[in-house]
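Now for the letters of each chain:
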Amino acid sequence: MVEKCRVRGLTKRFGTTTVVDDVALDVSEGEFVVILGPSGCGKTTTLRMIAGLAEPDAGSIDIDGRRVCAPAERLFVPPEQRNIGMVFQSYAIWPHMTVFENVAYPLRVRRVGGGERKRRVADVLERVGLGQESDRPATALSGGQMQRVALARALVFNPAMVLFDEPLSNLDLKLRERLRVELKSLQRETGLTSIYVTHDQTEAVELADRIIVMKAGRVVQTGTPRELYRTPTSRFVAEFISTANIFDAVVEGFAGPGFVRVRCDDGRALIAAHTVPVRPGERVDVVVHPEDCRIEATQGEHAHQVRITGLRYQGTSTRITLRWMGTEIDVVSLGTLPAIEEGSEAWLHIRPEHARVIPRPVP
Amino acid sequence: MNRIGGRIAVAVLAAVLLVLIVLPVGVLIIGSLLSDPPRALQFNWSGLTFSNYAAVLSGQDFAALLGTTVAAALIGTAGALVIGAALAWLAVRTDVPARRLLEAVAIMPMFVPPLVGAFAWDVLASPRSGIINIVLRAVGVGVSVNIYSLGGIGFVFAIYYCPYVFLFMAAALRNMDAALEEAAAMCGAGPLRVLANITAPLVAPALLSSGLLVFVLLMEIFAIPAVLGEPGGVHVMSVRIWELIGFAPPKVNEASALGVLLLLLTVTLVILQHRFLGRRSFVTVAGKGLRSQPVRLGVMRWPLATLGMLYLACVVVLPFSALLFIALRKNLFFSSLAAMVRTSQFSTRQFTVAMNDPVVRDALSNSLLVSLATVGLGSILYFAVAYIVHRTRLPGRRLLNMIAILPVAIPGLIIGLGYLWSWISLPVGLYGTVWIIVFAYISQFAPQGVSAISATLVQIHPELEESSRLSGAGLFTTLRRIVIPLAWPGILASMILLLVLSFREFATALFLYTSSTQVFSLAMFDFWERGSTSLVAVMALAQSALLLLFITIGRMLTRRLAADQP
Ligand SMILES: Nc1ncnc2c1ncn2[C@@H]1O[C@H](COP(=O)(O)OP(=O)(O)OP(=O)(O)O)[C@@H](O)[C@H]1O
Ligand SMILES: [Mg+2]
């Protein structure tokens with residue numbers, strides 16, 4: 001795998017606050033990497049440093065094997081020489097140019113001749129579905145169309161990679177979903193290397209080959225969407241990536257290789273899987289995804305008696321709220337349900353491999 | 001406000017604005033078509049004639065007069081655009097050293113009255129005895145500068161009017177979504193290319209609009225060409241109007257005709273400017289407040305900062321040093337550098353003389369009275385207009401707004417002339433009192449006053465007011481308890497602006513004063529015409545110091561208020 005982008009020790013301070021703190025990341029050719037994190041965690045700043053729009057205080061950035069930024073060596077390649085495309089949150093479509101002129105601009109700057117330029121712009125506009133709009137003034141476009149123009153402009157010069165800063169956040173929900181699908185298939189077809197910044201986990205999970213989760217300027221976990229979902233290494237990631245039930249519990253003892261018995265303060269006890277070493281008596285978090293639980297009318301192994309407090313039908317699935325001892329828990333059930341109704345008693349089945357222990361960070 | 005009350009309020013305000021603004025201009029226009037001066041608004045209609053226009057237009061030098069007026073304004077506008085735009089770009093978009101200072105410097109001339117600037121540059125660069133020329137001769141350089149020329153006047157225009165361009169451009173650059181420029185960089189364009197392809201076209205509407213504004217102001221201005229133009233034979237329309245009335249035999253009707261022609265020009269230009277302002281849609285506001293990396297000037301950082309300081313020298317340091325120098329000299333006859341700096345020639349006697357001069361004292365108290373009255377009465381009128389225009393749906397509110405902004409296009413001199421025509425012979429006894437000056441000022445500053453107060457009012461969310469009404473408070477209680485307290489910092493800032501404008505105003509009062517109602521600027525101009533240069537220098541320094549004091553107090557008050565408010 002060819003490495004397209006390599007970032008090490010990237011650090012940025014504004015005054016005395018460190019906004020990006022020792023960030024490392026790698027992006028391979030054709031990979032779609034999403035940087036995910038809550039508002040203000042430094043995603044945009046990281047992206048802008050890769051683009052060359054902001055200067056880091058420390059660290060290094062290599063693009064296509066060329067070092068473009070290293071404050072320690074006083075090296076800084078300006079953005080126009082990095083050969084990176086970027087789609088801005090506000091799209092940054094130039095209002096004094098037509099759609100064609102906007103998209104042709106990178107080629108004009110690179111002195112690509114008239115005929116070739118026309119062909120390539122037409123080609124890329126066709127690909128983003130704007131073949132007909134070429135001569136319209138850019139101000140006459142809708143939000144979704146502007147977004148496509150911005151994408152076309154970032155693609156037209158075959159950049160080493162494309163950076164996206166929350167490009168869909170200004171659009172309504174429906175359009176956002178459609179463009180997400182289009183973007184993903186375009187990226188697959190063209191083998192585009194991309195870094196995409198968002199605070200929306202659905203977007204991240206759907207688009208990403210790999211997600212980098214950031215918190216307060218630091219990378220807290222990197223992995224495929226599945227890895228982050230299955231084996232979050234912190235409560236923060238578990239909460240951010242999914243709508244999981246998270247129990248605050250104490251390890252009581254071992255229950256076979258890879259499993260421990262845990263108990264919550266209100267008395268709930270269950271068997272959970274762990275991947276990192278834990279000691280009895282240690283406080284941990286236990287993650288249980290709503291769709292990993294089963295509701296049965298009958299008792300069985302690893303079953304707990306609960307009372308159903310709410311039922312919500314959501315198309316093909318049902319979201320069930322239930323009370324297990326003192327705690328409300330969310331469960332999603334696909335397909336047929338046993339005959340339960342609000343207020344009835346039932347049994348909650350949680351298989352040990354579906355309850356995962358996350359150690360607390362050592363204070 | 002109930003419907004009837006609201007309508008009565010609109011009608012009363014409309015009547016006030018009509019009398020203050022429309023009446024004088026109307027009378028002026030009628031007067032320009034008559035053969036005799038009007039008496040007590042009794043027009044001698046049988047004398048209806050175009051002969052005044054014929055006399056003006058066929059006058060042997062009308063073409064030259066118009067040409068000079070336009071040329072001087074064009075030179076000044078071009079200079080103001082270059083200086084203002086360059087300073088704005090440096091201050092907002094680059095890493096030039098001391099950006100904050102540069103920004104403060106760029107708007108400093110707004111606080112220097114044009115009349116004071118003109119006096120100072122007369123002292124500095126008059127061809128024979130200007131200090132700069134004396135120094136140049138002493139150094140033995142074979143060149144000299146002549147401020148009495150078209151170029152010289154254009155230069156003074158440019159340096160004192162570029163703040164308008166600066167403010168427009170700085171706002172445009174600041175409001176522009178930085179991502180528009182960054183996107184070009186990501187497309188591979190270098191900094192100069194970004195400036196040419198993206199930044200310049202995007203701020204072009206603001207540039208054009210501010211250029212037109214400055215051009216109008218320079219077509220109207222009286223103070224600078226009156227001081228610097230006459231000695232060198234550079235004649236412009238505003239000064240000619242004054243001469244037609246001031247020199248015997250007075251040709252009041254002809255002056256009016258020339259005034260109407262000037263008015264036509266300025267009105268056309270203002271309409272053009274509003275067209276461009278209306279289409280300023282290019283300047284897009286960023287979605288997020290992320291500020292971009294400033295443009296790196298590299299080795300040019302310090303040279304460009306020096307240019308900024310050179311500008312400071314031209315508008316503040318040199319002029320005020322020259323005025324101070326003159327104010328401290330015992331006599332003004334020196335022709336060599338050595339004689340110029342001889343210490344035995346300095347004393348502070350002039351300051352004492354000026355302070356004890358009854359004319360100066362009267363002028364100062366008149367000016368303070370006129371300014372305070374203008375601020376007091378004007379603010380109430382402007383607030384009422386702004387409130388009705390922005391906070392009610394009453395019929396006629398647009399008309400009120402239109403009349404109130406009309407004086408943008410009316411030169412102060414012309415307002416003054418209209419007032420002279422309207423009131424000189426009416427038996428109400430307004431002419432000859434300071435009040436006619438106050439009313440003329442209130443008309444002249446209506447656009448600035450109304451728009452400053454409007455800007456404050458529109459920032460107060462209507463729901464704040466509506467909830468007060470729903471709580472059972474009437475209109476006046478709501479105004480007193482909610483609107484005015486919330487708008488107070490803005491209103492106070494508008495009042496300071498009005499105070500500064502009226503204290504430095506000159507041309508509007510030119511035809512309206514008598515020996516007992518002379519205001520400070522007029523007294524200064526009078527002394528200058530009679531050659532009392534030292535006294536003028538002291539007065540100019542005093543006026544500038546007072547303006548600075550007003551502004552500083554205003555800043556402190558508004559800042560304290562802003563800090564108090566959550
Ligand atoms: N120019 C600046 N000066 C000072 N602080 C800044 C500047 N730019 C960003 N910050 C701060 O740095 C932090 C990270 O900002 P950044 O824009 O990178 O966050 P983000 O993760 O992109 O957030 P969002 O999801 O809201 O876009 C924020 O706390 C922000 O206030
Ligand atoms: Mg961001």
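Structure: above.
Residues numbered from 1 in each chain as written. Chains lettered and ligands numbered in written order. Predicted model: local features only at pLDDT ≥ 70, side-chain atom pairs only at ≥ 80, totals over all residues. Heavy atoms only, no water.

A. Up close: the overall build of chain A. Scanning chain A from N- to C-terminus turns up eight helices and 21 strands. Overall, the C-alpha framework of chain A stretches about 75 × 50 × 35 Å when taken along its three principal axes. Buried residues in chain A amount to 53% of all 363 residues. The long-range share in chain A, meaning contacts at least 24 apart out of those at least 6 apart in sequence, stands at 64%. Accessible surface computed for chain A: about 16,300 Å², of which carbon and sulfur atoms make up 49%. (Helix = DSSP H or I, 4+ residues; strand = E, 2+ residues; numbered from the N terminus. Buried < 20%, exposed > 50% of the residue type's maximum accessible area, 1.4 Å probe, protein only. Contact = heavy atoms within 4.5 Å. Areas by Shrake-Rupley, 256 points an atom, 1.4 Å probe, with all protein chains shown as cover.)

B. Seen up close, the packing of aromatic side chains. Enumeration over the complete set of coordinates arrives at 20 aromatic pairs over all chains. Consider the rings of A:Phe247 and A:Trp324, whose centres lie 6.0 Å apart with planes at 80 degrees: the pair is edge-to-face. Of this pair, A:Phe247 sits in strand 12 (residues 245-254) while A:Trp324 sits in strand 18 (residues 317-324), and the two are 77 residues apart along the sequence. Classification of A:Phe247 by relative accessible area gives buried; the value is 4%. Note on B:Tyr161 and B:Tyr164: the rings are 5.7 Å apart at their centroids and 15 degrees apart in plane angle, and the pair reads as stacked. With B:Tyr161 and B:Tyr164 both in helix 7 (residues 150-175), this residue pair falls three residues apart, about one helical turn. The partly exposed category is assigned to B:Tyr164, whose relative accessible area is 25%. Among the aromatic residues, ring-to-ring pairing joins B:Phe119, B:Phe222, B:Trp242, B:Phe247, B:Phe506, B:Phe525 and B:Trp528 into one connected group. A:Arg153 extends its terminal NZ or CZ atom over the ring of A:Trp94, reaching a point 4.2 Å from the ring centre. The ring of A:Trp324 carries the charged tip of A:Arg268 above its face, separated from the ring centre by 5.5 Å. (Phe/Tyr/Trp six-rings, centres within 6.5 Å; stacked < 30°, edge-to-face > 60°. Lys NZ or Arg CZ within 6 Å of the ring centre and 35° of its normal.)

C. Local environment of the interface of chain A and chain B. In this assembly, 27 residues from chain A lie in contact with 25 residues from chain B. Taking both partners together, chain A and chain B bury about 2,300 Å²; carbon and sulfur atoms supply 60% of that area. Seen at the junction of chain A and chain B, the total is one salt bridge. In this structure, the salt-bridge partner of B:Glu182 is A:Arg48, at a minimum N-O distance of 2.7 Å. The tally of links from chain A across to chain B stands at seven residue pairs in polar contact (both at pLDDT 80 or more). Of all elements in the fold, only helix 1 (43-51), strand 7 (84-87) and helix 2 (99-109) of chain A reach the threshold of two or more residues within the side of chain A that touches chain B. Considering every element that reaches the side of chain A that touches chain B, the biggest residue donor is helix 2 of chain A, with four residues. (Buried area = accessible area lost by both parts, 1.4 Å probe. Salt bridge = Lys/Arg side-chain N within 4 Å of Asp/Glu carboxyl O. Polar contact = N/O pair within 3.5 Å; in protein donor to acceptor, adjacent residues only side chain to side chain.)

D. Inspection of the site of ligand 1 at higher detail. Around ligand 1, the structure places 13 residues, and the nearest of them are A:Ser39, A:Gly40, A:Lys43, A:Thr44 and A:Thr45. With respect to ligand 1, the chains having nearby residues are chains A and B. In the model, an oxygen atom of ligand 1 is placed 2.5 Å from a nitrogen or oxygen of the A:Ser39 side chain. Here an oxygen atom of ligand 1 sits 3.0 Å away from a polar atom, N or O, in the main chain of A:Gly42. Summarising the interface, the protein chains cover 67% of the accessible area of ligand 1, which totals 630 Å² for the free molecule. Examining the composition of the shell around ligand 1, we find that three residues originate from one element, helix 1 of chain A, more than from any other. The residue makeup of the shell around ligand 1, split by class, is four nonpolar, six polar and three charged. (Near = heavy atom within 4 Å. Nonpolar A, V, L, I, M, F, W, Y, C, P; charged D, E, K, R; others polar.)

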